[in-house]
Amino acid sequence: MVAGLATADSMTNPDQMFANAGINLIKARATQVDTNKKMVTLSDGREIPYDKMLLAVGASQVVPVIEGRDLHGVFTLRAVPDAEKIRGFLEDRKVKKLVFIGAGFISLEMATLLSASRPDYYDITLIGRRAHALPFMLDTELAVRLEEYLVEKGLEMKMAHEVMKILGQDGSVSGVELATGERVDADMVVVSVGARANLELAKDIGLEIGRFGIKVNRFLETSNPDILAAGDCVDKEHFVTKKAAPGQLRGPAVIQGRLAAKRLAGYGIEFPGVLNASAVKLFDKTVAATGLTEAQAQDVEGLETVSATVDSRSKHGMIQGTKPWTVKLVFQKDTQRLIGGQILSDSQAPAKEIDTLSALIFGGKTITDLTTFMCAGHPDCSSEPSLEPIAIAAEQCLQKL
Ligand SMILES: Cc1cc2nc3c(=O)[nH]c(=O)nc-3n(C[C@H](O)[C@H](O)[C@H](O)COP(=O)(O)OP(=O)(O)OC[C@H]3O[C@@H](n4cnc5c(N)ncnc54)[C@H](O)[C@@H]3O)c2cc1C
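(A) Structural view of the site of the ligand. Lining the immediate surroundings of the ligand are 18 residues, of which Ala30, Val57, Asp232, Leu249 and Arg250 lie closest. One nitrogen or oxygen atom from the main chain of Leu249 is found 3.2 Å from an oxygen atom belonging to the ligand. Between the ligand and the protein, one listed contact pairs an oxygen atom with a backbone N or O atom of Arg250 at 2.8 Å. Listed by contribution, the elements that provide at least two residues to the shell around the ligand are helix H4 (105–117) and helix H7 (250–264). Each residue belonging to the shell around the ligand can be placed in one class, and the counts come to 10 nonpolar, four polar and four charged.

The structure is reproduced here in structure tokens:
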């Protein structure tokens, strides 16, 4: 919306949709829950009784506690009103110099969309405290290729830098100061360093809280038998590590929403855990990833891994317009199971290809299984079967064992 690709209307469904489905939609904040009387109090004073309740209160953007965070011109992006404020500020202030704090997918996507919307107009700097951009999606070798591309396209990438202060003049933002003492000028600063589950209501109710959100079992039931919870506000289990993991993405939220509804209707389907598959389009490149990166597997989980990175292409070489794409597969060495995949590509197909990798991880597939993985092939819509990167990466890993 900020970059002109979507509007507030195109981003939302009409309220009529709920009425048509026989759902009573109330627009108010739930401020209190009395679990004895089974009553929810709303911000307008109304009280709504319930038999069963689903808490799906989402998450909020994290704003680091640093000087200058309240200055005019410092923004976070969560919902449509934030996007409207950002767009208004960009237009009213004729913003040219933009600093993004954080180098995750929200910062990168916003920065690239704005840059592409007015080429050669904005002066954009991304500052990330980790060594490379998209640290939860890409390992270093692919992140470096991506960063080089973004720099070529005109973005300034300051990785492994910490913002210590947001600087201001007359109440408005004027730049940021890094831990090194370096200052970067800015007319506007967007902070995007992660999201934290909204837990106020859950804590008031006395629900058990896990590491990243409301604690739920595999049926999305909380510690209160009449309350379920789903989406960004709940603690999730990582499918590979079986440990608590943040999973603040649309895929898990949608599936958990459906699963909670099914549970209320009497089904016993379990939530399998998250792989946090995600995709992001940055200028003409698409990045997609699922499961663990090799760095997460080794450094955080202490797993021994085998991996391979394969350069391939979107179509047969004989067809014009083939585009390069690169796949990295990460396997756990002792089980030989696939635990992660990354794709960096100039075509958009990888968003679906990463879903193939997710399915293979959920299916517990191993290196040898994937050496016989056969894909549909057509000269104009796939790489040659002989260059199909999933099977080739598996072949290479087999050689490394
Ligand atoms: C800028 C941005 C881009 C994103 N892009 C992607 C993407 O490309 N792919 C992807 O997978 N994910 C993306 N996400 C994440 C995705 O939007 C979330 O994971 C998803 O919306 C979570 O759904 P949810 O229903 O759990 O929470 P939300 O969508 O946040 O919904 C929670 C709702 O509860 C309301 N609420 C909170 N407290 C109360 C209360 N006390 N009373 C009443 N209502 C309350 C909130 O106002 C909100 O409407 C993005 C997030 C952001 C911020």
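What follows picks up the thread again.
(B) Spotlight on the packing of aromatic side chains. Evaluation of the coordinates by the stated rule reveals four aromatic pairs. Ring plane angle 75° and centroid distance 6.3 Å describe the contact between Tyr149 and Phe283, whose orientation is recorded as edge-to-face. Residue Tyr149 is found in helix H5 (residues 140–152), and its partner Phe283 is found in the loop between strand S18 (278–282) and strand S19 (285–291); the two are separated by 134 residues along the sequence. Across this residue pair, the class does not change: Tyr149 and Phe283 are buried.

(C) Structural context of the environment of Thr125. Within the secondary structure, Thr125 is located in strand S8 (residues 123–128). Here Thr125 falls in the buried class, since its relative accessible area comes to 7%. Among residues more than four places away in sequence, those in contact with Thr125 are Leu98, Val99, Phe100, Glu156, Lys158 and Val184.

(D) How the structure looks around the sheet that holds strand S1 (residues 30–34). One open sheet accounts for three strands, arranged S1-S2-S3; its pairing is antiparallel. In this open sheet, the two strands that pair with only one neighbour each are S1 and strand S3 (47–49). Strand after strand, the sheet turns through a mean of 25° between neighbouring axes, direction not considered. Sheet analysis places strand S2 (residues 39–42) next to S3, joined by three bridges and oriented antiparallel.

(E) Layout of H5. Between its terminal C-alpha atoms H5 stretches 18 Å, which fits the 18 Å expected from 13 residues at 1.5 Å a residue. Of all the residues in H5, the buried ones are Leu142, Ala143, Leu146, Glu147, Tyr149 and Leu150. Buried residues of H5, viewed axially, fall in a sector of 160°; they line one side. Gly154, located one to two residues past H5, shows a positive phi value of around 110°.

(F) Seen up close, the sheet that holds S8. An order of S6-S13-S7-S8-S9 is seen for the five strands of this open sheet, with the pairing classed as parallel. Whereas interior strands pair on both sides, the edge strands pair on one side only; in this sheet they are strand S6 (74–75) and strand S9 (156–159). Where strand S7 (residues 97–101) meets S8, five bridges bridge the pair, whose relative direction is parallel. The partner of Lys97 across the bridge, within S8, is Asp123.

(G) Quick look at the environment of Gln296. Mapped onto the elements of the fold, Gln296 is located in helix H8 (residues 294–300). Considering only alpha carbons, one finds Gln296 and Ile101, 195 residues apart in sequence, at a separation of 22 Å. Beyond its immediate sequence surroundings of up to four residues, Gln296 is in contact with Pro135, Phe136, Gly291 and Glu301. A polar atom in the side chain of Gln296 sits 3.0 Å from the backbone nitrogen of Thr293.

(H) Layout of the pairing of strand S11 (residues 172–178). Counting buried residues along S11, six of its seven residues qualify, which places the element largely inside the surrounding structure. As paired elements, strand S10 (residues 163–169) and S11 share six bridges and run antiparallel to each other. For Gln169, the partnering residue across the bridge sits in S11 and is Ser172. Where S10 hands over to S11, the hairpin turn is made up of two residues, of which Asp170 adopts a positive phi near 50°. In this structure, S11 lies alongside strand S12 (residues 183–185), joined through three bridges in antiparallel fashion. Within the sheet, the bridge partner assigned to Val176 lies in S12 and is Val184. If you look at the hairpin formed by S11 and S12, you'll find four residues sitting between the two strands, and Gly181 has a positive phi there, around 95°.

(I) Spatial organisation of the pairing of S18. The side-chain alternation of S18 yields one buried face, formed by Ser278, Val280 and Leu282, and one unburied face, formed by Ala279 and Lys281. With five bridges joining them, S18 and S19 adopt antiparallel strand pairing. Across the sheet, Leu282 pairs through a bridge with Lys285, a residue of S19. Counting the residues between successive antiparallel strands, the hairpin from S18 to S19 contains two residues, one of them, Phe283, with a positive phi of roughly 50°.

(J) Up close: the pattern of salt bridges. Applying the stated criterion across every chain, the model contains 21 salt bridges. Note that Asp226 is salt-bridged to Lys52, the shortest N-O span being 3.3 Å. Of this pair, Asp226 sits in the loop between helix H6 (200–205) and strand S15 (227–229) while Lys52 sits in the loop between S3 and strand S4 (53–55), placing them 174 residues apart in sequence. The class for Lys52 is partly exposed, based on a relative accessible area of 45%. For the salt bridge of Lys328 with Glu294, the shortest nitrogen-to-oxygen distance reads 2.9 Å. One end of the pair, Lys328, is in strand S21 (residues 324–332); the other, Glu294, is in helix H8, with 34 residues separating them in the sequence. For the pair shown, Lys328 and Glu294 are each scored as buried.

Here is what the cut-offs are and how they apply
Residues numbered from 1 in each chain as written. Predicted model: local features only at pLDDT ≥ 70, side-chain atom pairs only at ≥ 80, totals over all residues. Heavy atoms only, no water. Near = heavy atom within 4 Å. Polar contact = N/O pair within 3.5 Å; in protein donor to acceptor, adjacent residues only side chain to side chain. Helix = DSSP H or I, 4+ residues; strand = E, 2+ residues; numbered from the N terminus. Nonpolar A, V, L, I, M, F, W, Y, C, P; charged D, E, K, R; others polar. Phe/Tyr/Trp six-rings, centres within 6.5 Å; stacked < 30°, edge-to-face > 60°. Buried < 20%, exposed > 50% of the residue type's maximum accessible area, 1.4 Å probe, protein only. Contact = heavy atoms within 4.5 Å. Pairing = 2+ DSSP bridges. Axes fitted to C-alpha atoms, helices over the stretch in contact; angles between N-to-C directions. Expected span 1.5 Å × (residues − 1). Arc of directions from axis to C-beta. Salt bridge = Lys/Arg side-chain N within 4 Å of Asp/Glu carboxyl O.

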